[in-house]
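# Fold and geometry: a report
Each chain is listed here by its residues.
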Amino acid sequence: MIACVLVELQNKKLDKMFDYNVPKDLEKYMKIGIRVKVPFGRQNLEGFVLDFKDKSDFELRNISYVVDKDIVLTPDLLRLGKIMKEKTYSSLISCYQTMLPKALKASYKTDIKIKYDTFYELNNTFFNLTPKMKEVVSLFSSNKIIPRKDVMEKYRDVRKLVDIGLLKEVKKEHYRLNYDIEKNVRYELTPDQKSVYEEFINTDDSVYLLHGVTGSGKTEVYMEIIDYYLKMGKTSIVLVPEISLTPQMVERFTKRFGNIVAALHSALSDGERYDEWRRISRGDAKIVIGARSALFCPLKNIGVIIIDEEHSDSYIQDDASPHYNAIELAIIRAKDVHAKVMLGSATPSLESYARAKKKLYHLLSLTKRATGAPLPDVKIIDMNYGIRNATGPFSQELIDAIKKKIDKKEQIILLLNRRGYSRVVTCKNCGYTYKCPNCDIALTYHKSSNNLRCHYCGYASNVDDLCPSCHSKTLSSFGIGTEKVEEYLNKIFPSARVLRMDYDTTTRKGSHKKMLDAFKDHKYDILLGTQIVAKGLDFENVTLVGIINADTSLNIPNYRSSEETFSLISQTAGRCGRKGKKGTVYIQTFNKEHYAIKYAEKHDYIGFYHEEMKIRHTLKYPPYYYILYIKIGGKDNMYTYNESLRIKKSFEKHLKDEIILGPSTTGILKINNVFHYGIIIKYKEDDNIRKVLTLMENAYISNNKIKIDIIFNPRHF
Ligand code: ADP
Ligand code: ZN
Ligand code: ZN
């Protein structure tokens with residue numbers, strides 16, 4: 001028997017299968033999708049068995065051993081990986097590796113142990129049992145296996161019962177996570193929810209887009225759909241944006257479905273994640289909830305893949321290779337196994353909504369809140385005037401509104417999209433600004449740790465008393481971050497209990513859930529945070545939401561900045577007044593005439609969509625054009641720039657209908673001592689694009705001085 005093995009080599013030239021001989025004693029384990037160790041050159045590497053053959057023209061080496069008892073990549077994941085490779089233009093091995101949980105990767109194997117619980121089953125009964133032994137036997141009249149602890153209550157020396165042959169020991173895997181079960185918590189669907197549910201169930205399209213205002217009960221509709229599939233013996237995957245969302249979501253799902261729910265998210269320890277993964281693989285879990293990588297779970301018999309908050313950036317992996325879009329791959333995986341896809345959002349991405357308009361997706365909508373509560377009033381505060389009577393970043397109107405709510409014992413969410421204390425520290429005398437030595441960006445001052453930090457590479461340094469450049473005592477900080485806002489809040493509202501939630505306060509495992517629970521229990525009056533507070537949270541008592549500076553996202557030089565601003569305002573606004581109590585949203589801005597802010601004020605997604613589509617059309621941006629971003633990085637600035645220029649020229653030679661821009665430093669020139677240049681190609685058909693990419697890759701395959709990253713349709717560049 002000969003196995004064709006895809007070996008874990010990072011070199012794209014070697015991204016192909018190699019033949020290995022299967023020793024007789026390993027033959028019984030051989031299945032497609034199994035992991036093995038094989039000798040390669042002088043190393044011993046991991047690989048996936050992808051095929052078998054009878055003979056080979058080469059002299060073959062033996063497979064060393066089999067890594068897992070069971071296959072780790074199911075047949076449909078193996079197929080998905082091949083398409084992922086095409087879509088992302090990366091190596092097949094890197095796609096397969098991305099699909100596996102960390103715990104299954106070579107270096108982790110030894111650390112994570114499977115835990116077991118001990119049970120007993122009845123082996124043989126005898127006539128000459130003591131009364132105490134008879135009591136043990138009676139335990140088995142209703143159950144086939146009994147936990148060790150229960151047996152020991154009747155008879156301490158269990159060992160003896162095993163030795164005489166009365167009982168037999170059974171080991172069962174112990175999963176680290178346990179969900180408290182309060183099954184069947186569910187609402188009767190409203191007529192609107194019901195008609196959406198029925199349209200989904202009774203039509204045969206493959207992809208649906210549910211556009212439902214915040215609080216319209218999308219989650220309830222998802223659960224009803226999942227229930228439908230469950231009754232048909234089918235499973236479901238639910239993707240949610242981030243861990244901040246997951247505790248509440250997971251809770252809602254486990255309350256309804258109990259322990260057939262598995263949750264995969266980054267707040268799990270590697271061990272917990274491994275357990276969940278195994279529960280899914282065995283078929284013990286039938287509903288999987290998780291962040292984007294949960295799409296790759298080894299679930300069988302999938303009926304539906306639901307993607308909540310589908311507009312979220314977190315479904316796109318553009319910071320690491322392979323640069324994949326989980327929504328695109330979800331649609332591919334679903335089609336392959338004849339499952340449906342449901343995308344849901346209050347503010348769908350322009351691309352998705354445009355597809356729905358073109359009938360590529362089946363559009364469903366929910367226009368009212370499920371509880372009958374009205375959407376919140378939105379008040380725009382023009383900071384061009386507001387700044388005059390402001391206290392720090394707070395206009396007097398917002399201060400008054402917060403006071404009133406605190407007096408009424410209602411709660412407040414405040415959003416500021418910048419962590420840290422201040423944005424930059426600058427010398428008023430000579431203009432010196434603290435910058436990261438590795439990255440081309442200003443350092444942020446963090447008061448709690450009293451240092452300056454780079455948010456890109458993590459570099460930290462102390463602040464000096466005197467300006468390092470002119471030695472005068474004129475250093476001062478500008479711009480405002482969450483830390484400083486917290487300080488203002490404590491000054492303005494000394495009796496209010498303020499909870500700050502951002503990257504810096506939520507690094508410890510479980511801290512997210514703890515904070516959200518404490519806020520829910522009204523242990524705090526004000527929740528202040530970065531965009532992590534904008535997403536999917538559902539608190540009854542929140543009646544005021546304040547966006548401290550709506551311009552932070554508007555001023556980002558990116559074609560999606562209007563869409564992101566509209567979405568951020570709408571989503572944050574959606575956190576308030578969800579159940580009965582009327583909510584109000586205050587938006588502080590210097591750009592009150594901007595259309596993204598005006599449409600958000602009116603809760604008018606469709607209006608915003610049409611306006612923004614016109615602009616995208618004029619500027620030739622998605623969804624009218626696709627974007628390919630080529631990021632070229634190198635340590636030598638001049639060399640990197642010149643090679644970037646050469647790449648662009650060769651593109652121009654081969655591509656006639658496409659628009660080619662750059663090379664430019666669209667983002668930040670230097671990150672972690674690597675200089676970056678970007679080339680943007682806007683295109684409609686990708687056949688030619690793939691040809692030039694292959695040419696480029698062949699030309700640079702042995703060049704170690706620059707690294708080329710190919711990113712299809714990035715959101716940020
Ligand atoms: P969305 O996902 O659209 O933001 P949710 O599903 O979270 O909306 O629902 C918003 C709120 O309305 C939740 O508090 C939920 O418990 C409640 N809700 C949803 N559907 C119903 C229903 N049919 N009857 C009563 N309450 C509902
Ligand atoms: Zn100075
Ligand atoms: Zn840095």
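Residues numbered from 1 in each chain as written. Chains lettered and ligands numbered in written order. Predicted model: local features only at pLDDT ≥ 70, side-chain atom pairs only at ≥ 80, totals over all residues. Heavy atoms only, no water.

## A closer look at the packing of aromatic side chains
- One pass over the full model with this rule turns up 17 aromatic pairs.
- Here the aromatic rings of phenylalanine 18 and phenylalanine 40 are separated by 5.0 Å at their centres, their planes lie at 80°, and the arrangement is edge-to-face. Of this pair, phenylalanine 18 sits in strand 2 (residues 17-21) while phenylalanine 40 is found in strand 3 (residues 35-40), placing the two residues 22 residues apart along the sequence. Each member of the pair, phenylalanine 18 together with phenylalanine 40, is buried. (Phe/Tyr/Trp six-rings, centres within 6.5 Å; stacked < 30°, edge-to-face > 60°. Helix = DSSP H or I, 4+ residues; strand = E, 2+ residues; numbered from the N terminus. Buried < 20%, exposed > 50% of the residue type's maximum accessible area, 1.4 Å probe, protein only.)

## A word on the site of ligand 1
- Around ligand 1, 18 residues are found, and the nearest of them are Glu188, Gln193, Thr219, Arg252 and Asp538.
- A distance of 3.3 Å separates an oxygen atom of ligand 1 from a polar side-chain atom of tyrosine 187.
- The contact in question runs from a nitrogen atom of ligand 1 to an N or O atom on the side chain of glutamine 193, over 2.8 Å.
- Compared with its free state, where it exposes 560 Å², ligand 1 has 89% of that area covered by protein.
- Broken down by element, the residue count for the shell around ligand 1 peaks at three residues, all from helix 7 (residues 218-231). (Near = heavy atom within 4 Å. Polar contact = N/O pair within 3.5 Å; in protein donor to acceptor, adjacent residues only side chain to side chain. Areas by Shrake-Rupley, 256 points an atom, 1.4 Å probe, with all protein chains shown as cover.)

## Brief notes about the nonpolar core
- Ranked by size, the top nonpolar core spans 87 residues in total, and within it Leu73, Tyr96 and Ile305 carry the most contacts.
- The dominant element in this core, judged by the number of residues it contributes, is helix 10 (residues 326-336), at seven residues.
- Ignoring sequence-local partners within four residues, the contact set of tyrosine 96 consists of Leu6, Phe48, Leu50, Leu73, Leu77, Leu78, Gly81 and Lys82.
- Core analysis: the next-biggest nonpolar cluster, separate from the first, contains 26 residues, Tyr197, Ile201, Leu210 and Val240 among them. (Core = buried A, V, L, I, M, F, W, Y, C linked by side-chain atoms within 4.5 Å. Contact = heavy atoms within 4.5 Å.)

## Thoughts on the coordination of the zinc ion (ligand 2)
- Binding of the zinc ion (ligand 2) to the protein goes through Cys427 (SG), Cys430 (SG), Cys467 (SG) and Cys470 (SG), at separations of 2.3 to 2.4 Å.
- The coordination sphere of the zinc ion (ligand 2) comprises four donor atoms, whose angles at the metal cover 107 to 112°; the geometry is tetrahedral.
- Along the chain, the residues that donate to the zinc ion (ligand 2) are spaced as C-x2-C-x36-C-x2-C. Of the two residues, cysteine 427 sits in strand 18 (residues 424-427) while cysteine 470 sits in the loop between strand 21 (460-461) and strand 22 (475-478), which places them 43 residues apart along the sequence.
- Look at cysteine 427 and you get buried, because its relative accessible area is 2%. (Donors = N, O, S within 2.8 Å, 3.2 Å for Na, K, Ca; no water. Tetrahedral: all angles 85-135°; square planar, octahedral: opposite > 155°, others 65-115°.)

## Here we look at the sheet that holds strand 13 (residues 302-308)
- In spatial order, the strands read 11-12-10-13-14-9-15; together these seven strands make up an open sheet with parallel pairing. The open sheet is flanked by strand 11 (261-264) and strand 15 (362-366), the only strands paired with a single partner. Taking the axes of each pair of neighbouring strands and ignoring which way they run, one obtains an average angle of 15° across the sheet.
- Looking at chain direction, strand 9 (residues 207-212) and strand 14 (residues 340-345) are connected through five bridges and run parallel. Note on strand 14: the bridge partner recorded for tyrosine 208 is methionine 342. (Pairing = 2+ DSSP bridges. Axes fitted to C-alpha atoms, helices over the stretch in contact; angles between N-to-C directions.)

## What about the sheet that holds strand 4 (residues 43-53)?
- In space, the five strands of this open sheet follow the order 2-1-4-3-5, with antiparallel pairing throughout. Either end of the sheet is taken by a strand with one partner, and the two such strands are strand 2 and strand 5 (65-66).
- Pairing between strand 3 and strand 5: two bridges, direction antiparallel. Residue valine 36 lies in a different strand from strand 5, and its bridge partner there is valine 66.

## Things to note about the pattern of salt bridges
- Taken as a whole and assessed by the stated rule, the structure comprises 42 salt bridges.
- Ionic pairing is found between lysine 231 and aspartate 227, a salt bridge with its closest N-O pair at 3.5 Å. With a gap of four residues between them, lysine 231 and aspartate 227 both fall in helix 7, about one helical turn apart.
- Owing to a relative accessible area of 11%, aspartate 227 belongs among the buried residues under this scheme.
- A salt bridge links lysine 648 to glutamate 652; its shortest N-O distance comes to 3.7 Å. Of this pair, lysine 648 and glutamate 652 are both found in helix 20 (residues 637-654), four residues apart, which corresponds to roughly one turn of the helix.
- Through salt bridges with shared partners, a single ionic network connects Asp313, Arg560, Glu563, Glu564, Glu612, Arg616 and Arg715. (Salt bridge = Lys/Arg side-chain N within 4 Å of Asp/Glu carboxyl O.)

## Focus on the packing of helix 17 (residues 561-573) against helix 19 (residues 605-619)
- For the pair helix 17 and helix 19, interaxial distance at closest approach is 11 Å and the crossing angle is 170°. On the basis of the axis angle, helix 17 is roughly antiparallel to helix 19. When helix 17 is examined against helix 19, the residues Ser562, Glu563 and Phe566 are found in contact with a partner set consisting of Tyr605, Phe608, Glu612 and Arg616.
- Taken together, the residues of the contact of helix 17 with helix 19 break down into three nonpolar, one polar and three charged. (Parallel < 35°, antiparallel > 145°, perpendicular 65-115°, else oblique. Nonpolar A, V, L, I, M, F, W, Y, C, P; charged D, E, K, R; others polar.)

## Considerations on unusual backbone geometry
- The amide bond that connects serine 321 to the next residue, proline 322, takes the cis arrangement and shows omega of -5°.
- The topology assignment puts proline 322 in the loop between strand 13 and helix 10.
- In this chain, proline 622 is followed by proline 623 through a cis amide linkage whose omega measures 5°.
- Considering the arrangement of structural elements, one finds proline 623 in the loop between helix 19 and strand 27 (626-634).
- At lysine 359, a residue that is not glycine, the phi angle is positive and equals roughly 65°.
- On the secondary structure map, lysine 359 appears in the loop between helix 11 (350-357) and strand 15.
- Judged by relative accessible area, lysine 359 falls into the exposed class, the value being 73%.

## Some remarks on helix 9 (residues 270-282)
- In a regular helix each residue adds 1.5 Å, so 13 residues correspond to 18 Å; helix 9 covers 18 Å between its end C-alpha atoms and thus fits that length.
- Most of helix 9 sits inside the fold, with 11 of its 13 residues counted as buried.
- Along helix 9, the residues that are buried comprise Gly271, Glu272, Arg273, Tyr274, Asp275, Glu276, Trp277, Arg278, Arg279, Ile280 and Ser281.
- Downstream of helix 9 by a residue or two, glycine 283 has a phi angle that is positive, lying close to 90°. (Expected span 1.5 Å × (residues − 1).)

## Observations concerning the packing of helix 1 (residues 75-88) against helix 10
- Here helix 1 crosses helix 10 at 140°, and the two axes come no closer than 10 Å. When the interaxial angle is binned, helix 1 and helix 10 end up oblique. Regarding helix 1 and helix 10, the two cross each other, and that crossing is right-handed. Residues Asp76, Leu77, Arg79, Leu80, Ile83, Met84 and Lys87 of helix 1 touch helix 10, and the partners they reach there are Glu328, Leu329, Ile332, Arg333 and Asp336.
- Class assignment of the residues belonging to the contact of helix 1 with helix 10 gives a composition of six nonpolar, no polar and six charged. (Left-handed = near helix turned anticlockwise from the far one by under 90°.)

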